[in-house]
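Below, each chain spelled out in residue letters.
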Amino acid sequence: MPHPAPYVIFTILCIPVVAVADPPAAPVALEVTAADSPGRVRFALRNVTGAPVEVVADRRLLSFTATPPPVEPGARRRRMGRLPRCAHDQRPVRNEFSPRVTLEPGQRYSEEADVDDLCGLQAPAFGPQPVEFRYGFAPPRRGSASHARSIVTDERVETYAGVVALAPPALVTPDAAVVAATDRPAMLALSARGSSASSAGGLRATVTLQNPSVHAVWTLLRPTQFSFVVTTPAGIEVDCTALTRQPAPLRDLFARLPARGRRVVTLLPAMHCPSATFQGAGVYRARARFESRADGEPHGWQRVFTGVVESASIALRVSRGQIVPLRPRFE
């Protein structure tokens, strides 16, 4: 009796192979370019079909990742670590509460996104390779995305977790700070460092008053002598001087900064600014100011600072709050 194994093998080999269809192309395309505002990119969603499309319009869904360098032919492929990546820490997991827009055939919707906001004020260093931008939700491990995690929100059956686009790394590389030269530098210099918080009350600004000279300097020094000039994500400039007061020039209120010395003060910007300044989520640019009018003449000191010094712009980030589109456009 012949062995049945050859017949079994023949039967298996004759089973027809069914080709797996590629997933349908998304009805919108992602485009990323430089924005008019420093430190921002402009992303656009373009309808590439012949019918209207309803899509999610939420800048928190934008993320970007460095691409690996190309491998030369014949070179041994090396194991790479995790590539630098930025994604908003409050990125929604579902589209139920995100704003939506309807795009007509060929129409584009775009708005700006702050790189510091996407990276949580900790933007990593990117190399010369292109950066991959992704707009959308996390892709499913298997199958297609659910309707609650699709960037397309109309009544079509198909779902789309996200779309991608490549852009040059210069879009997410911060420009070098430009320091204006002065013929007569001030006796004191002011620098500051911002922070990120979920609400306005958690924001902290660390300001450093420094004596760059080789000689000691005296100055009247109280927290009420500091103020801020804040630019909101919408571009509105706000003078934050709610707590600014010039104290009485008592001898005990003066501080001596030795040669190359410094004093560090931690301030709460929300206490200095009007109540609605940090209402919306996003990155606020702020400049710290220090002012002293007391010359210390009654005390006989020779080098006493009077005047105003201002820091370079710093970032103050509010991660939660009202999401207002940044310079939206329909084209």
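Here the structure is shown first, and the text comes after it.
Just so it is clear, the model here is predicted, and its values are computed rather than measured.

**Regarding the pattern of salt bridges**
So, point 1. Per the counting criterion, the structure on display carries 21 salt bridges.
So, point 2. Across the pair Asp116 and Arg285 runs a salt bridge whose closest N-O atoms are separated by 3.0 Å. In this pair, Asp116 is assigned in helix α2 (residues 115-119) and Arg285 in strand β18 (residues 282-292), connecting sequence segments 169 residues apart.
So, point 3. Classification of Arg285 as partly exposed rests on a relative accessible area of 24%.
So, point 4. When the shortest N-O distance is used, the salt bridge between Arg293 and Glu291 registers 3.0 Å.
So, point 5. On the accessibility criterion, Arg293 (61% relative accessible area) is exposed.

**Observations regarding the packing of aromatic side chains**
So, point 1. Enumeration over the complete set of coordinates arrives at nine aromatic pairs.
So, point 2. Each ring, one from Phe64 and one from Phe133, has its centre 5.2 Å from the other, and the planes form 40°; the classification is tilted. Of this pair, Phe64 sits in strand β4 (residues 62-66) while Phe133 sits in strand β8 (residues 131-136); the two residues are 69 residues apart in sequence, bridging distant segments of the chain.
So, point 3. On the accessibility criterion, Phe133 (0% relative accessible area) is buried.
So, point 4. Relative to Phe305, the ring of Phe290 lies with its centre 6.1 Å away and its plane at 25°, an arrangement referred to as stacked. With a gap of 15 residues between them, Phe290 in strand β18 and Phe305 in the loop between β18 and β19 (307-310) connect regions that are remote in the sequence.
So, point 5. Given the relative accessible area of 0%, Phe290 is considered buried.
So, point 6. For Phe305, a relative accessible area of 4% corresponds to the buried category.
So, point 7. Ring-pair connections join several aromatic residues into one group, and the members of that group are Phe64, Phe126 and Phe133.

Calculation notes
Residues numbered from 1 in each chain as written. Predicted model: local features only at pLDDT ≥ 70, side-chain atom pairs only at ≥ 80, totals over all residues. Heavy atoms only, no water. Salt bridge = Lys/Arg side-chain N within 4 Å of Asp/Glu carboxyl O. Helix = DSSP H or I, 4+ residues; strand = E, 2+ residues; numbered from the N terminus. Buried < 20%, exposed > 50% of the residue type's maximum accessible area, 1.4 Å probe, protein only. Phe/Tyr/Trp six-rings, centres within 6.5 Å; stacked < 30°, edge-to-face > 60°.

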